[in-house]
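Tertiary structure, described
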Amino acid sequence: MLNETWGLVREELIKRVGRNNYVTWIEPLKFSDLRNGVARFEVPTSFFGDWVSRNFSDHIRAQLNTAGQQVERIEFAVANRPAAPVQRPATPAKPAAQPRLRSNGRTGDADEMPGAPLDSRFTFDSFVVGKPNELAHAAARRVAEGGPVTFNPLFLYGGVGLGKTHLMHAIAHELQTRQPHLRVLYLSAEQFMYRFVQALRERQIMDFKEIFRSVDVLMVDDVQFIAGKDSTQEEFFHTFNALVDQNKQIVISADRAPGEIKDLEERIKSRLQCGLVVDLHPTDYELRLGILQQKVELYRTQYSSLAITDGVLEFLAHRITTNVRVLEGALTRLFAFASLVGREITLELAQDCLADILRASDRKLTIEEIQRKVAEHYNIRLSDMIGPKRVRTIARPRQIAMYLAKQLTPRSLPEIGRRFGGRDHTTIMHGVRKIEELMATDSQLNDDLQMLRRLLQG
Ligand code: ADP
Ligand code: MG
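Procedures and definitions
Residues numbered from 1 in each chain as written. Chains lettered and ligands numbered in written order. Predicted model: local features only at pLDDT ≥ 70, side-chain atom pairs only at ≥ 80, totals over all residues. Heavy atoms only, no water. Pairing = 2+ DSSP bridges. Helix = DSSP H or I, 4+ residues; strand = E, 2+ residues; numbered from the N terminus. Axes fitted to C-alpha atoms, helices over the stretch in contact; angles between N-to-C directions. Contact = heavy atoms within 4.5 Å. Buried < 20%, exposed > 50% of the residue type's maximum accessible area, 1.4 Å probe, protein only. Polar contact = N/O pair within 3.5 Å; in protein donor to acceptor, adjacent residues only side chain to side chain. Phe/Tyr/Trp six-rings, centres within 6.5 Å; stacked < 30°, edge-to-face > 60°. Lys NZ or Arg CZ within 6 Å of the ring centre and 35° of its normal.

Here we look at the sheet that holds strand β7 (residues 249-254)
Reading across the sheet, the five strands line up as β5-β6-β7-β4-β8 and stay open at both edges, with parallel pairing between neighbours. Edge positions in the sheet fall to β5 (184-188) and β8 (276-280), since each of these pairs with one other strand and no more. With strand direction ignored, the average angle separating the axes of adjacent strands in the sheet is 15 degrees. One ladder, built from four bridges, connects strand β4 (residues 154-158) with β7; its direction is parallel. Considered in β7, the bridge of leucine 156 is made with serine 253. Packing of helix α5 (residues 164-178) onto the sheet brings it into contact with β4, β5, β6 (217-221), β7 and β8, and relative to β6 it is tilted by some 160 degrees. Helix-sheet contacts for helix α6 (residues 189-201) involve β5 and β6, and the interaxial angle to β5 is about 95 degrees.

Have a look at this one:
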(Lines give C-alpha, C1' and ligand atoms only; values in the text may rest on other atoms or scores of the structure.)
(Ligands and ions follow the chains in the order given, each with its own letter.)
Protein backbone atom coordinates (compact mmCIF):
# COMPACT_ATOMS: atom_id res chain seq x y z
CA MET A 1 0.00 0.00 0.00
CA LEU A 2 2.80 2.33 1.01
CA ASN A 3 4.78 1.30 -2.02
CA GLU A 4 1.82 1.69 -4.28
CA THR A 5 1.32 5.28 -3.20
CA TRP A 6 5.00 5.96 -3.55
CA GLY A 7 4.91 4.48 -7.03
CA LEU A 8 2.20 6.93 -8.04
CA VAL A 9 3.87 9.84 -6.34
CA ARG A 10 7.11 9.09 -8.12
CA GLU A 11 5.37 9.23 -11.48
CA GLU A 12 4.12 12.67 -10.57
CA LEU A 13 7.52 13.77 -9.32
CA ILE A 14 9.16 13.00 -12.65
CA LYS A 15 6.99 15.72 -14.11
CA ARG A 16 7.62 18.16 -11.28
CA VAL A 17 11.38 17.92 -10.93
CA GLY A 18 12.43 16.78 -14.40
CA ARG A 19 13.92 13.46 -15.38
CA ASN A 20 17.54 14.31 -14.53
CA ASN A 21 16.73 15.35 -11.01
CA TYR A 22 14.40 12.44 -10.67
CA VAL A 23 16.97 9.87 -11.64
CA THR A 24 19.69 11.43 -9.51
CA TRP A 25 17.74 12.28 -6.37
CA ILE A 26 14.30 10.70 -6.21
CA GLU A 27 14.75 7.25 -7.64
CA PRO A 28 17.35 6.20 -5.04
CA LEU A 29 15.02 7.10 -2.16
CA LYS A 30 13.51 4.18 -0.26
CA PHE A 31 10.15 4.90 1.34
CA SER A 32 10.51 3.20 4.69
CA ASP A 33 7.55 4.28 6.74
CA LEU A 34 4.73 6.75 7.32
CA ARG A 35 3.39 7.34 10.83
CA ASN A 36 1.80 10.27 12.63
CA GLY A 37 2.26 12.57 9.69
CA VAL A 38 5.97 11.84 9.32
CA ALA A 39 7.16 10.14 6.15
CA ARG A 40 10.55 8.50 6.42
CA PHE A 41 12.93 7.71 3.61
CA GLU A 42 16.19 5.87 3.46
CA VAL A 43 18.99 7.64 1.63
CA PRO A 44 22.41 6.37 0.60
CA THR A 45 24.42 9.14 2.32
CA SER A 46 23.78 12.09 4.60
CA PHE A 47 24.87 14.51 1.92
CA PHE A 48 22.24 12.98 -0.29
CA GLY A 49 19.63 13.36 2.44
CA ASP A 50 20.55 17.01 3.03
CA TRP A 51 20.30 17.76 -0.62
CA VAL A 52 16.96 16.09 -1.18
CA SER A 53 15.59 17.60 1.98
CA ARG A 54 16.60 21.10 0.97
CA ASN A 55 15.51 20.87 -2.63
CA PHE A 56 12.78 18.35 -3.06
CA SER A 57 11.04 17.66 0.22
CA ASP A 58 8.33 20.22 -0.44
CA HIS A 59 7.53 18.57 -3.74
CA ILE A 60 7.52 15.13 -2.18
CA ARG A 61 5.29 16.20 0.69
CA ALA A 62 2.86 17.98 -1.62
CA GLN A 63 2.57 14.95 -3.87
CA LEU A 64 2.07 12.54 -0.98
CA ASN A 65 -0.71 14.74 0.30
CA THR A 66 -2.27 14.91 -3.14
CA ALA A 67 -2.16 11.12 -3.21
CA GLY A 68 -4.29 11.10 -0.08
CA GLN A 69 -1.67 10.65 2.63
CA GLN A 70 -1.47 13.00 5.60
CA VAL A 71 2.12 14.10 5.64
CA GLU A 72 3.41 17.03 7.63
CA ARG A 73 7.07 16.30 7.71
CA ILE A 74 9.64 14.27 5.86
CA GLU A 75 12.68 12.71 7.41
CA PHE A 76 15.68 11.15 5.79
CA ALA A 77 17.88 8.56 7.40
CA VAL A 78 21.02 7.01 6.05
CA ALA A 79 20.46 3.37 5.26
CA ASN A 80 22.49 1.34 7.71
CA ARG A 81 23.81 -1.16 5.30
CA PRO A 82 27.28 -1.67 6.70
CA ALA A 83 28.92 -1.91 3.32
CA ALA A 84 27.39 1.18 1.74
CA PRO A 85 29.74 4.14 1.98
CA VAL A 86 33.08 2.48 2.05
CA GLN A 87 35.63 4.04 4.30
CA ARG A 88 38.67 5.45 2.65
CA PRO A 89 41.50 3.09 3.53
CA ALA A 90 44.00 4.75 5.82
CA THR A 91 46.82 5.87 3.61
CA PRO A 92 50.21 5.27 5.14
CA ALA A 93 51.72 8.65 5.86
CA LYS A 94 54.34 9.54 3.33
CA PRO A 95 57.72 10.85 4.41
CA ALA A 96 57.60 14.60 4.79
CA ALA A 97 60.12 15.23 2.06
CA GLN A 98 58.00 13.59 -0.58
CA PRO A 99 56.50 15.98 -3.08
CA ARG A 100 52.75 15.94 -2.77
CA LEU A 101 51.48 18.37 -5.25
CA ARG A 102 54.41 19.16 -7.35
CA SER A 103 53.93 21.68 -10.03
CA ASN A 104 55.09 20.62 -13.37
CA GLY A 105 57.31 17.61 -12.96
CA ARG A 106 59.24 17.98 -16.18
CA THR A 107 62.48 16.75 -14.73
CA GLY A 108 61.50 13.14 -15.02
CA ASP A 109 62.01 11.87 -11.49
CA ALA A 110 59.94 8.72 -11.44
CA ASP A 111 58.34 9.45 -8.10
CA GLU A 112 57.44 12.97 -8.98
CA MET A 113 53.80 13.86 -9.29
CA PRO A 114 53.21 15.05 -12.82
CA GLY A 115 50.48 17.49 -11.88
CA ALA A 116 49.78 20.96 -13.12
CA PRO A 117 50.37 24.02 -10.94
CA LEU A 118 47.46 25.21 -8.87
CA ASP A 119 46.27 28.79 -9.02
CA SER A 120 46.42 30.10 -5.47
CA ARG A 121 43.49 32.43 -6.15
CA PHE A 122 41.13 29.57 -6.91
CA THR A 123 39.90 28.72 -3.44
CA PHE A 124 36.49 28.09 -1.92
CA ASP A 125 36.75 31.46 -0.19
CA SER A 126 36.95 33.28 -3.48
CA PHE A 127 34.21 31.24 -5.14
CA VAL A 128 30.90 33.06 -5.15
CA VAL A 129 27.96 30.70 -4.78
CA GLY A 130 24.67 31.37 -6.50
CA LYS A 131 21.75 29.40 -7.80
CA PRO A 132 23.48 28.33 -11.02
CA ASN A 133 26.45 26.72 -9.27
CA GLU A 134 25.23 25.74 -5.83
CA LEU A 135 25.01 22.03 -6.43
CA ALA A 136 28.43 21.89 -8.06
CA HIS A 137 29.81 23.88 -5.16
CA ALA A 138 28.17 21.64 -2.54
CA ALA A 139 29.48 18.53 -4.24
CA ALA A 140 32.98 19.98 -4.53
CA ARG A 141 32.90 20.90 -0.84
CA ARG A 142 31.90 17.40 0.02
CA VAL A 143 34.82 15.93 -1.90
CA ALA A 144 37.18 18.49 -0.37
CA GLU A 145 36.30 17.27 3.12
CA GLY A 146 38.20 14.15 2.18
CA GLY A 147 35.85 11.85 4.08
CA PRO A 148 34.61 8.52 2.81
CA VAL A 149 34.12 8.45 -0.93
CA THR A 150 30.40 8.85 -1.43
CA PHE A 151 30.24 9.32 -5.15
CA ASN A 152 32.84 8.46 -7.71
CA PRO A 153 33.64 10.18 -9.90
CA LEU A 154 32.42 13.67 -9.28
CA PHE A 155 31.77 14.88 -12.80
CA LEU A 156 31.49 18.65 -13.22
CA TYR A 157 30.41 20.04 -16.50
CA GLY A 158 29.42 23.37 -17.96
CA GLY A 159 30.31 26.02 -20.51
CA VAL A 160 33.54 27.98 -20.71
CA GLY A 161 34.44 30.19 -17.80
CA LEU A 162 31.78 29.03 -15.38
CA GLY A 163 34.18 27.93 -12.65
CA LYS A 164 35.01 24.26 -13.28
CA THR A 165 38.76 24.73 -12.97
CA HIS A 166 38.28 27.08 -10.05
CA LEU A 167 36.32 24.44 -8.14
CA MET A 168 38.82 21.71 -8.89
CA HIS A 169 41.72 23.81 -7.65
CA ALA A 170 39.69 24.72 -4.60
CA ILE A 171 39.22 21.02 -3.84
CA ALA A 172 42.95 20.43 -4.18
CA HIS A 173 43.85 23.38 -1.93
CA GLU A 174 41.37 22.33 0.70
CA LEU A 175 42.48 18.70 0.70
CA GLN A 176 46.10 19.75 0.99
CA THR A 177 45.32 21.80 4.06
CA ARG A 178 43.03 19.30 5.73
CA GLN A 179 44.85 16.12 4.88
CA PRO A 180 48.42 16.89 3.94
CA HIS A 181 49.29 13.21 3.68
CA LEU A 182 46.99 12.68 0.71
CA ARG A 183 48.48 12.52 -2.73
CA VAL A 184 46.33 14.81 -4.77
CA LEU A 185 46.96 15.02 -8.47
CA TYR A 186 45.38 17.67 -10.65
CA LEU A 187 46.02 17.97 -14.36
CA SER A 188 44.25 18.67 -17.59
CA ALA A 189 43.30 15.85 -19.93
CA GLU A 190 45.70 17.37 -22.42
CA GLN A 191 48.54 17.07 -19.93
CA PHE A 192 47.47 13.52 -19.20
CA MET A 193 47.86 12.74 -22.87
CA TYR A 194 51.16 14.55 -23.09
CA ARG A 195 52.55 12.56 -20.12
CA PHE A 196 51.26 9.36 -21.61
CA VAL A 197 52.79 9.94 -25.01
CA GLN A 198 56.05 10.98 -23.41
CA ALA A 199 56.08 7.83 -21.30
CA LEU A 200 55.47 5.73 -24.40
CA ARG A 201 58.27 7.45 -26.22
CA GLU A 202 60.71 7.06 -23.37
CA ARG A 203 59.62 3.52 -22.61
CA GLN A 204 58.55 4.45 -19.11
CA ILE A 205 55.00 3.32 -19.32
CA MET A 206 55.27 1.23 -16.17
CA ASP A 207 56.39 4.30 -14.23
CA PHE A 208 53.54 6.24 -15.71
CA LYS A 209 51.02 3.64 -14.65
CA GLU A 210 52.47 3.41 -11.21
CA ILE A 211 52.39 7.13 -10.61
CA PHE A 212 48.81 7.48 -11.70
CA ARG A 213 47.65 4.45 -9.78
CA SER A 214 49.28 5.57 -6.56
CA VAL A 215 47.42 8.84 -6.05
CA ASP A 216 44.65 9.26 -3.50
CA VAL A 217 42.72 11.85 -5.44
CA LEU A 218 42.91 12.28 -9.19
CA MET A 219 41.46 15.32 -10.90
CA VAL A 220 41.36 15.54 -14.67
CA ASP A 221 40.20 18.81 -16.15
CA ASP A 222 38.55 19.20 -19.57
CA VAL A 223 38.25 15.50 -20.25
CA GLN A 224 36.50 16.15 -23.57
CA PHE A 225 40.00 16.67 -24.91
CA ILE A 226 40.75 12.95 -25.04
CA ALA A 227 37.70 12.18 -27.16
CA GLY A 228 38.82 10.54 -30.38
CA LYS A 229 42.34 9.91 -29.03
CA ASP A 230 42.14 6.17 -28.80
CA SER A 231 45.17 5.01 -26.89
CA THR A 232 44.97 7.87 -24.43
CA GLN A 233 41.34 7.00 -23.80
CA GLU A 234 42.30 3.41 -23.25
CA GLU A 235 44.94 4.35 -20.71
CA PHE A 236 42.61 6.80 -19.03
CA PHE A 237 39.99 4.09 -18.73
CA HIS A 238 42.40 1.71 -17.01
CA THR A 239 43.72 4.38 -14.68
CA PHE A 240 40.18 5.35 -13.83
CA ASN A 241 39.15 1.78 -13.06
CA ALA A 242 42.23 1.05 -11.03
CA LEU A 243 41.57 4.07 -8.83
CA VAL A 244 37.87 3.41 -8.46
CA ASP A 245 38.65 -0.16 -7.43
CA GLN A 246 40.91 1.17 -4.71
CA ASN A 247 38.15 3.53 -3.69
CA LYS A 248 40.17 6.62 -4.50
CA GLN A 249 38.31 9.80 -5.28
CA ILE A 250 38.22 11.00 -8.87
CA VAL A 251 37.05 14.39 -10.04
CA ILE A 252 36.51 15.06 -13.72
CA SER A 253 35.43 18.14 -15.60
CA ALA A 254 34.22 18.61 -19.14
CA ASP A 255 32.45 21.17 -21.23
CA ARG A 256 29.39 18.95 -21.60
CA ALA A 257 27.65 15.95 -20.05
CA PRO A 258 29.37 12.57 -20.42
CA GLY A 259 26.73 11.27 -22.80
CA GLU A 260 27.18 14.24 -25.10
CA ILE A 261 30.92 14.02 -25.62
CA LYS A 262 31.40 12.85 -29.16
CA ASP A 263 33.97 10.17 -29.93
CA LEU A 264 34.29 9.16 -26.34
CA GLU A 265 34.13 5.41 -25.86
CA GLU A 266 30.81 4.13 -24.57
CA ARG A 267 32.38 2.28 -21.67
CA ILE A 268 34.08 5.49 -20.55
CA LYS A 269 30.85 7.44 -20.85
CA SER A 270 29.02 4.95 -18.73
CA ARG A 271 31.82 4.89 -16.16
CA LEU A 272 31.75 8.67 -15.93
CA GLN A 273 28.02 8.60 -15.35
CA CYS A 274 28.35 6.24 -12.40
CA GLY A 275 29.12 8.91 -9.87
CA LEU A 276 27.58 12.27 -9.34
CA VAL A 277 27.16 14.31 -12.51
CA VAL A 278 26.51 17.99 -11.85
CA ASP A 279 26.40 20.91 -14.18
CA LEU A 280 27.34 24.51 -13.70
CA HIS A 281 24.55 26.51 -15.25
CA PRO A 282 25.14 29.76 -17.08
CA THR A 283 25.47 32.60 -14.58
CA ASP A 284 22.46 34.68 -13.67
CA TYR A 285 22.44 38.39 -12.93
CA GLU A 286 22.74 37.99 -9.16
CA LEU A 287 25.72 35.68 -9.41
CA ARG A 288 27.49 38.00 -11.82
CA LEU A 289 26.90 40.94 -9.54
CA GLY A 290 28.15 38.93 -6.56
CA ILE A 291 31.34 38.03 -8.38
CA LEU A 292 31.94 41.65 -9.38
CA GLN A 293 31.38 42.86 -5.84
CA GLN A 294 33.84 40.36 -4.50
CA LYS A 295 36.43 41.41 -7.08
CA VAL A 296 35.96 45.06 -6.24
CA GLU A 297 36.61 44.31 -2.57
CA LEU A 298 39.88 42.76 -3.65
CA TYR A 299 40.80 45.69 -5.85
CA ARG A 300 40.06 48.17 -3.10
CA THR A 301 43.16 47.04 -1.28
CA GLN A 302 45.21 47.28 -4.45
CA TYR A 303 43.91 50.57 -5.81
CA SER A 304 42.79 52.17 -2.58
CA SER A 305 42.35 55.61 -4.08
CA LEU A 306 39.90 54.56 -6.78
CA ALA A 307 36.24 55.38 -6.52
CA ILE A 308 33.53 53.59 -8.38
CA THR A 309 30.15 55.14 -9.07
CA ASP A 310 26.96 53.41 -8.07
CA GLY A 311 25.41 51.49 -10.89
CA VAL A 312 28.58 50.54 -12.75
CA LEU A 313 28.70 47.00 -11.41
CA GLU A 314 25.00 46.52 -12.08
CA PHE A 315 25.53 47.73 -15.60
CA LEU A 316 28.37 45.25 -16.18
CA ALA A 317 26.45 42.35 -14.62
CA HIS A 318 23.56 43.15 -16.87
CA ARG A 319 25.50 43.55 -20.08
CA ILE A 320 28.31 41.00 -19.90
CA THR A 321 26.55 37.68 -19.75
CA THR A 322 28.93 35.47 -21.68
CA ASN A 323 31.23 34.06 -19.03
CA VAL A 324 32.91 34.90 -15.78
CA ARG A 325 36.35 35.15 -17.31
CA VAL A 326 35.20 37.94 -19.62
CA LEU A 327 33.42 39.64 -16.74
CA GLU A 328 36.57 39.60 -14.61
CA GLY A 329 38.66 40.76 -17.53
CA ALA A 330 36.36 43.73 -18.01
CA LEU A 331 36.66 44.78 -14.40
CA THR A 332 40.42 44.38 -14.38
CA ARG A 333 40.75 46.54 -17.43
CA LEU A 334 38.44 49.12 -15.98
CA PHE A 335 40.48 49.46 -12.79
CA ALA A 336 43.77 49.54 -14.64
CA PHE A 337 42.50 52.20 -17.01
CA ALA A 338 40.94 54.33 -14.30
CA SER A 339 44.09 54.27 -12.24
CA LEU A 340 46.20 55.22 -15.26
CA VAL A 341 44.13 58.25 -16.10
CA GLY A 342 43.38 58.93 -12.44
CA ARG A 343 39.65 59.12 -12.87
CA GLU A 344 36.67 57.83 -11.02
CA ILE A 345 35.03 54.75 -12.52
CA THR A 346 31.78 56.00 -13.94
CA LEU A 347 29.27 54.58 -16.35
CA GLU A 348 30.70 56.70 -19.19
CA LEU A 349 34.21 55.52 -18.47
CA ALA A 350 33.02 51.94 -18.46
CA GLN A 351 31.20 52.33 -21.74
CA ASP A 352 34.24 53.93 -23.31
CA CYS A 353 36.86 51.64 -22.01
CA LEU A 354 34.89 48.43 -22.56
CA ALA A 355 33.24 49.25 -25.86
CA ASP A 356 34.67 46.19 -27.61
CA ILE A 357 33.69 43.76 -24.85
CA LEU A 358 30.22 45.23 -24.60
CA ARG A 359 29.71 44.99 -28.31
CA ALA A 360 30.86 41.37 -28.40
CA SER A 361 28.54 40.50 -25.53
CA ASP A 362 25.44 41.76 -27.22
CA ARG A 363 23.52 38.57 -27.22
CA LYS A 364 23.17 36.89 -30.54
CA LEU A 365 20.94 33.99 -29.81
CA THR A 366 21.41 30.97 -32.07
CA ILE A 367 18.90 28.35 -33.10
CA GLU A 368 21.20 25.71 -31.59
CA GLU A 369 21.05 27.39 -28.21
CA ILE A 370 17.29 27.45 -28.39
CA GLN A 371 17.16 23.79 -29.32
CA ARG A 372 19.51 22.90 -26.50
CA LYS A 373 17.61 24.80 -23.85
CA VAL A 374 14.23 23.51 -24.93
CA ALA A 375 15.55 19.94 -25.08
CA GLU A 376 16.97 20.32 -21.58
CA HIS A 377 13.77 21.77 -20.27
CA TYR A 378 11.65 18.91 -21.56
CA ASN A 379 14.25 16.26 -20.90
CA ILE A 380 14.53 15.06 -24.44
CA ARG A 381 17.66 14.44 -26.43
CA LEU A 382 19.08 17.19 -28.55
CA SER A 383 19.29 14.72 -31.41
CA ASP A 384 15.54 14.07 -31.17
CA MET A 385 14.97 17.77 -31.55
CA ILE A 386 16.17 17.60 -35.13
CA GLY A 387 15.40 13.92 -35.73
CA PRO A 388 12.29 12.38 -37.33
CA LYS A 389 10.38 11.10 -34.27
CA ARG A 390 6.75 12.16 -34.21
CA VAL A 391 5.58 11.16 -30.76
CA ARG A 392 3.95 14.03 -28.96
CA THR A 393 6.54 14.15 -26.13
CA ILE A 394 9.16 15.01 -28.72
CA ALA A 395 7.15 16.73 -31.42
CA ARG A 396 5.71 19.32 -29.02
CA PRO A 397 9.04 20.51 -27.61
CA ARG A 398 10.34 20.58 -31.16
CA GLN A 399 7.49 22.88 -32.18
CA ILE A 400 8.18 25.06 -29.17
CA ALA A 401 11.79 25.37 -30.26
CA MET A 402 10.64 26.27 -33.78
CA TYR A 403 8.34 28.90 -32.37
CA LEU A 404 11.07 30.41 -30.21
CA ALA A 405 13.54 30.34 -33.09
CA LYS A 406 11.09 32.33 -35.16
CA GLN A 407 10.39 34.74 -32.34
CA LEU A 408 13.85 35.30 -30.94
CA THR A 409 16.13 35.16 -33.97
CA PRO A 410 16.05 37.00 -37.27
CA ARG A 411 16.23 33.72 -39.19
CA SER A 412 13.80 32.96 -41.99
CA LEU A 413 11.53 29.91 -42.04
CA PRO A 414 13.65 28.03 -44.61
CA GLU A 415 16.78 28.74 -42.55
CA ILE A 416 15.08 27.47 -39.42
CA GLY A 417 13.91 24.43 -41.36
CA ARG A 418 17.50 23.61 -42.29
CA ARG A 419 18.57 23.70 -38.64
CA PHE A 420 15.78 21.33 -37.74
CA GLY A 421 17.21 18.46 -39.71
CA GLY A 422 16.39 19.86 -43.14
CA ARG A 423 12.65 20.27 -42.65
CA ASP A 424 10.56 22.17 -45.13
CA HIS A 425 9.60 25.76 -44.31
CA THR A 426 5.92 24.80 -44.31
CA THR A 427 6.63 22.35 -41.47
CA ILE A 428 8.16 25.17 -39.47
CA MET A 429 5.22 27.43 -40.22
CA HIS A 430 2.84 24.70 -39.11
CA GLY A 431 4.81 24.26 -35.87
CA VAL A 432 4.80 27.97 -35.12
CA ARG A 433 1.04 28.22 -35.75
CA LYS A 434 0.34 25.18 -33.61
CA ILE A 435 2.11 26.76 -30.64
CA GLU A 436 0.34 30.08 -31.19
CA GLU A 437 -2.95 28.22 -31.17
CA LEU A 438 -2.17 26.31 -28.00
CA MET A 439 -1.01 29.44 -26.24
CA ALA A 440 -4.56 30.71 -26.23
CA THR A 441 -5.69 27.92 -23.93
CA ASP A 442 -2.71 26.18 -22.35
CA SER A 443 -1.42 28.02 -19.31
CA GLN A 444 1.30 25.46 -18.58
CA LEU A 445 2.66 26.07 -22.06
CA ASN A 446 2.62 29.79 -21.46
CA ASP A 447 4.55 29.34 -18.23
CA ASP A 448 7.08 27.17 -20.01
CA LEU A 449 7.51 29.68 -22.79
CA GLN A 450 7.97 32.51 -20.37
CA MET A 451 10.62 30.64 -18.48
CA LEU A 452 12.43 29.54 -21.63
CA ARG A 453 12.45 33.08 -22.93
CA ARG A 454 13.96 34.29 -19.70
CA LEU A 455 16.61 31.57 -19.75
CA LEU A 456 17.50 32.31 -23.34
CA GLN A 457 17.62 36.03 -23.09
CA GLY A 458 19.56 36.07 -19.82
P1 ADP B 1 36.12 26.95 -16.53
O2 ADP B 1 37.19 26.02 -16.04
O3 ADP B 1 34.73 26.45 -16.20
O4 ADP B 1 36.25 27.33 -17.96
P5 ADP B 1 37.31 28.76 -14.65
O6 ADP B 1 37.21 27.94 -13.42
O7 ADP B 1 38.64 28.85 -15.30
O8 ADP B 1 36.22 28.30 -15.71
O9 ADP B 1 36.76 30.22 -14.32
C10 ADP B 1 37.05 31.35 -15.13
C11 ADP B 1 37.30 32.54 -14.24
O12 ADP B 1 36.09 32.92 -13.61
C13 ADP B 1 38.29 32.25 -13.14
O14 ADP B 1 39.08 33.38 -12.93
C15 ADP B 1 37.42 32.00 -11.93
O16 ADP B 1 38.06 32.38 -10.74
C17 ADP B 1 36.23 32.89 -12.20
N18 ADP B 1 34.99 32.36 -11.65
C19 ADP B 1 34.12 31.50 -12.24
N20 ADP B 1 33.08 31.24 -11.45
C21 ADP B 1 33.28 31.95 -10.32
C22 ADP B 1 32.55 32.11 -9.09
N23 ADP B 1 31.40 31.48 -8.88
N24 ADP B 1 33.07 32.93 -8.14
C25 ADP B 1 34.23 33.57 -8.35
N26 ADP B 1 34.96 33.47 -9.46
C27 ADP B 1 34.51 32.68 -10.44
MG1 MG C 1 38.75 25.19 -17.09
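Now, onward.
With respect to the side chain of glutamine 69
For glutamine 69, the location among the structural elements is in the loop between α3 (46-66) and β3 (73-78). Judged by its relative accessible area of 15%, glutamine 69 falls in the buried class. At 3.4 Å, the side chain of glutamine 69 forms a polar contact with the side chain of threonine 5. If we skip the residues at most four places from it in the chain, glutamine 69 touches Met1, Thr5, Leu34 and Leu64.

A word on the packing of aromatic side chains
All told, the structure shown has twelve aromatic pairs when counted by the stated rule. On the numbers, 5.8 Å between centres and 90 degrees between planes, the contact of phenylalanine 192 with phenylalanine 236 is edge-to-face. Separated by 44 residues along the polypeptide, phenylalanine 192 in helix α6 and phenylalanine 236 in helix α8 (residues 230-245) bring together distant segments of the chain. In this pair, the class of phenylalanine 192 matches that of phenylalanine 236, namely buried. Through a chain of ring-to-ring contacts, three or more aromatic side chains come together here, namely Phe192, Phe196, Phe208, Phe212, Phe236 and Phe240. One residue, lysine 229, lies across the ring of phenylalanine 225, its end atom 4.1 Å from the ring centre. Positioned above the aromatic ring of phenylalanine 237 is the side chain of arginine 267, whose terminal nitrogen or guanidinium carbon lies 4.0 Å from the ring centre.

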